[in-house]
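# Commentary on secondary and tertiary structure
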Amino acid sequence: DHIGRLAPRPVLLMRAGRDTWVPAFNADRLFAAAGEPKELWDSPNAEHSEVSRDDAAAYERKVVDFFDRALRQR
């Protein structure tokens, strides 16, 4: 209900491909409702809340890059 109000603040959504708690379509719905700028990152082999453990190096790069870009816009 509120994600659309975050714009113009950047939003990074992460989707765990093997999540059995939260269906993947929820990330799609949030992404569609979010304003720009927004990003959606898929981690196809991760389970719920394990995106950072699935590929720790890729996770770190993604998050650091996101914050670098988001904070540079200010």
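First, a word on scope: everything that follows refers to the structure included in this document. These numbers were taken from a predicted model, which means no experiment stands behind them.

### Thoughts on the nonpolar core
Core analysis: the biggest nonpolar cluster contains five residues, these being Ala-16, Trp-41, Ala-46, Val-51 and Ala-58. Setting aside anything within four residues of it in sequence, one finds Ala-16 in contact with Ser-43, Ala-46, Glu-47, His-48 and Val-51.

### What to know about the side chain of Arg-15
Tracing the backbone through its elements, the reader meets Arg-15 in strand β1 (residues 11-16). We classify Arg-15 as buried; its relative accessible area is 14%. Discounting residues that sit within four places of it in the chain, Arg-15 has contacts with Ala-24, Ala-27, Asp-28, Leu-40, Trp-41, Asp-42 and Ser-43.

### Regarding the environment of Leu-30
Within the fold, Leu-30 resides in helix α1 (residues 25-33). Considered as a pair, Leu-30 and Asp-42 are twelve residues apart in the sequence and their alpha carbons are 14 Å apart. With sequence-adjacent residues up to four places away left out, Leu-30 is seen in contact with Ile-3 and Leu-13.

The rules behind each value
- Residues numbered from 1 in each chain as written.
- Predicted model: local features only at pLDDT ≥ 70, side-chain atom pairs only at ≥ 80, totals over all residues.
- Heavy atoms only, no water.
- Core = buried A, V, L, I, M, F, W, Y, C linked by side-chain atoms within 4.5 Å.
- Buried < 20%, exposed > 50% of the residue type's maximum accessible area, 1.4 Å probe, protein only.
- Contact = heavy atoms within 4.5 Å.
- Helix = DSSP H or I, 4+ residues; strand = E, 2+ residues; numbered from the N terminus.

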